[in-house]
Amino acid sequence: MKVEMTVSASNLLELLKAFRGYGNPSARIWFLGMEEGAPKDEKRLDREVEKRMNFRPIMGLDEAHELLDRRLGSIETRLSSTWIWMARFARAIIDQSDDWIDLEKAKRYVIEELGQLEKKTFVTDLLPLPAHNNSIFPYKTLFIRRKDYEEKVIPERIKMLQDMIAEYKPRYVFAYGKKYREHYRFLANASEWKIVKDAGSKDPIEFSGGRDTTFLLLPFFGRQWMNDAIALKVINSVRSRKR
């Protein structure tokens, strides 16, 4: 089924310009992904994007999902593996928790801490519009092809994120997912990268140099790409670095 949205181009443009991310940009750890997930169904996606028009530039993850009728912790709202891994990394690195792998505590962290305005993490994406997957591009009132969208929006988003990082100076930016790794590299603008040896991942784990902010280029936070052993390598590498 070919999905095309009925939301107006002007509303989509407004959403493109406005939203920055979830949580506290002054936090020590940022998480940077490709884009948020979205419903495949055309009508549901239309309704969701309309609700996103009410988003402020920076929102709490819980508040935003209340607006989307997806209350965190409810039976209807599944906590994604992406959020779970964010919670585990945050618990291990910020809170220095030895039981960072604990699934129930990670779920509780997602509900109570992750991406909250006054808390310890910031969650953002390279692309601002939610999508079900790469093969479906529903925003044809704005761009004919996904390629056109990316070529127009990614440079603008990189500049926005670079400006925010320069202002807030997070200690770490966890950039995950292979497809947009070169864009993450460009955003980091680092002269030196170090590979974590024997990490066990399909894609190399890399750390940037830099006094203020260190970028970590990581596999996607999904079951096929991230596991306990890889995560432990990342955590130990971060803990061993001078703060």
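Since the model is a prediction, treat every value here as computed from it, not as a measurement. (Residues numbered from 1 in each chain as written. Predicted model: local features only at pLDDT ≥ 70, side-chain atom pairs only at ≥ 80, totals over all residues. Heavy atoms only, no water.)

## Comments concerning the overall build of the protein chain
Keep this limit in mind: Secondary structure follows DSSP: runs of H or I at least 4 residues long count as helices, runs of E at least 2 residues long count as strands, and numbering of each begins at the N terminus. Each radius of gyration is computed over the set of C-alpha atoms, and the globule rule expresses the reference value as 2.2 Å times the number of residues to the power 0.38. In this scheme, a residue with accessible area under 20% of its type's maximum is buried, one over 50% is exposed, and one in between is partly exposed, where area comes from a 1.4 Å probe on protein chains only. Any two residues whose heavy atoms approach within 4.5 Å are treated as being in contact. Surface accessibility in these figures is a Shrake-Rupley result with a 1.4 Å probe; residues are shielded only by whichever protein chains are displayed. Charge assignment in this entry is limited to Lys and Arg as positive and Asp and Glu as negative, and neither His nor the chain termini are counted. Where a charge sits is defined by one atom per residue type, namely NZ (Lys), CZ (Arg), CG (Asp) or CD (Glu).
Across its full length, the protein chain holds eight helices and eight strands. The C-alpha radius of gyration computed for the protein chain amounts to 18 Å, which stays within 12% of the reference 18 Å derived for 243 residues, consistent with globular compactness. Overall, the C-alpha framework of the protein chain stretches about 50 × 40 × 35 Å when taken along its three principal axes. Counting across all 243 residues of the protein chain, residues that qualify as buried make up 51%. Considering only residue pairs separated by 6 or more positions, the protein chain has 71% of its internal contacts joining residues 24 or more positions apart. Of the roughly 12,300 Å² that the protein chain leaves accessible, carbon and sulfur atoms contribute 49%. Computed over 44 positive and 36 negative side-chain charges, the separation of the two mean positions in the protein chain equals 4 Å.

## Re the sheet that holds strand β1 (residues 21-23)
Definition in use: Paired strands are those between which DSSP finds at least two bridges. Axes here mean lines fitted to C-alpha atoms, for a helix over just the part in contact, with angles spanning 0 to 180 degrees between N-to-C directions.
Strand order in this open sheet of eight strands is β3-β1-β4-β2-β5-β8-β7-β6, and the pairing throughout is mixed. If you trace the sheet from one side to the other, it starts and ends with β3 (58-59) and β6 (193-195), each paired once. Examined bridge by bridge, strand β2 (residues 29-33) and strand β5 (residues 172-176) share four bridges and lie parallel to one another. From the neighbouring strand, W30 faces β5, where its bridge partner is V173. Against the sheet, helix α7 (residues 181-188) touches β2, β5, β6, β7 (206-208) and β8 (214-218), its axis set at about 175° to β8.

## Quick notes on the nonpolar core
To keep it simple, the criterion reads: As used here, the term nonpolar core means buried Ala, Val, Leu, Ile, Met, Phe, Trp, Tyr and Cys residues forming a set that is joined through side-chain atoms within 4.5 Å.
Counting 42 residues, the largest nonpolar core has F31, F89, L114, F174 and F221 as its most contacted members. Residue assignment for this core shows that the elements contributing at least two residues are β2, α3 (61-67), α4 (81-93), α5 (103-112), β5, β8 and α8 (228-240). It is α4 that provides the largest number of residues to this core, a total of nine residues. Contacts of F174, omitting those with residues within four sequence positions, involve I29, W30, F31, L32, F89, I93, L216, L218, V234 and V238. In this structure, V49, I158, A175 and L217 belong to the second largest nonpolar core, which totals 29 residues.

## Section: the packing of aromatic side chains
So the rule is basically this: Each Phe, Tyr or Trp ring, with Trp reduced to its six-membered ring, pairs with another whose centre is within 6.5 Å; inter-plane angles below 30 degrees give stacked pairs, above 60 give edge-to-face pairs, and intermediate values give tilted ones. We count a charge as sitting over a ring when the NZ of a lysine or the CZ of an arginine lies within 6 Å of the ring centre and within 35 degrees of the ring normal.
Taken as a whole and assessed by the stated rule, the structure comprises 14 aromatic pairs. Their ring planes at 40° and their centres at 5.4 Å tell us that F137 and Y149 sit as a pair that is tilted. Taken together, the residues F137 in the loop between β4 (121-125) and α6 (146-168) and Y149 in helix α6 connect sequence positions 12 residues apart. Y149 carries the same exposure label as F137, and that label is buried. For the cation-ring pair, R88 lies above W85, with the distance from its terminal atom to the ring centre recorded as 4.7 Å. Taking the ring centre of W193 as reference, the NZ or CZ of R185 above it sits at 5.3 Å.

## Comments concerning α5
Formally: The arc in question is the one traced by the directions running from the helix axis out to the C-beta atoms.
All of the buried residues in α5 are A106, Y109 and V110. Viewed along the axis of α5, the buried residues span an arc of 100°, placing them on a single side of the element. Contacts from the buried residues of α5 go to α4 and β4.

## Focus: the pattern of salt bridges
As a reminder of what qualifies: Between Lys or Arg on one side and Asp or Glu on the other, a salt bridge is scored when a side-chain nitrogen of the former is within 4 Å of a carboxyl oxygen of the latter.
Inspection of the entire model under this criterion finds 20 salt bridges. R91 serves as the salt-bridge partner of D99, at 2.8 Å between the closest nitrogen and oxygen. The partly exposed category is assigned to D99, whose relative accessible area is 27%. Looking at R91, the relative accessible area reads 8%, which means it is buried. Measuring nitrogen to oxygen at the nearest pair gives 2.3 Å for the salt bridge that ties K105 to D99. Here K105 falls in the partly exposed class, since its relative accessible area comes to 40%. Put simply, E36, E48, R52 and R70 are held in one network by salt bridges that share partners.

## Quick notes on the packing of α4 against α5
Defined as follows: Oblique is the label for any angle not under 35 degrees, not over 145, and not in the 65 to 115 range, which are roughly parallel, roughly antiparallel and roughly perpendicular in turn. Residue classes follow a fixed rule: Ala, Val, Leu, Ile, Met, Phe, Trp, Tyr, Cys and Pro count as nonpolar, while Asp, Glu, Lys and Arg count as charged, and any other residue, Gly among them, counts as polar.
With their axes 8 Å apart at the nearest point, α4 and α5 run at an angle of 100° to one another. Overall, the two elements α4 and α5 adopt an arrangement that is roughly perpendicular. The segment α4 lies against α5, with W83, I84, A87, R88, A90 and R91 engaging L103, K105, A106, K107, Y109 and V110. Each residue belonging to the contact of α4 with α5 can be placed in one class, and the counts come to eight nonpolar, no polar and four charged.

## Regarding the environment of K119
As for its placement among the helices and strands, K119 is situated in the loop between α5 and β4. K119 sits 93 residues away from S26 along the chain, and the two C-alpha atoms are 9.2 Å apart. Ignoring anything within four residues of it in the chain, the contact list for K119 reads N24, A27, E112 and E113.

This is a description of form; function is not addressed.
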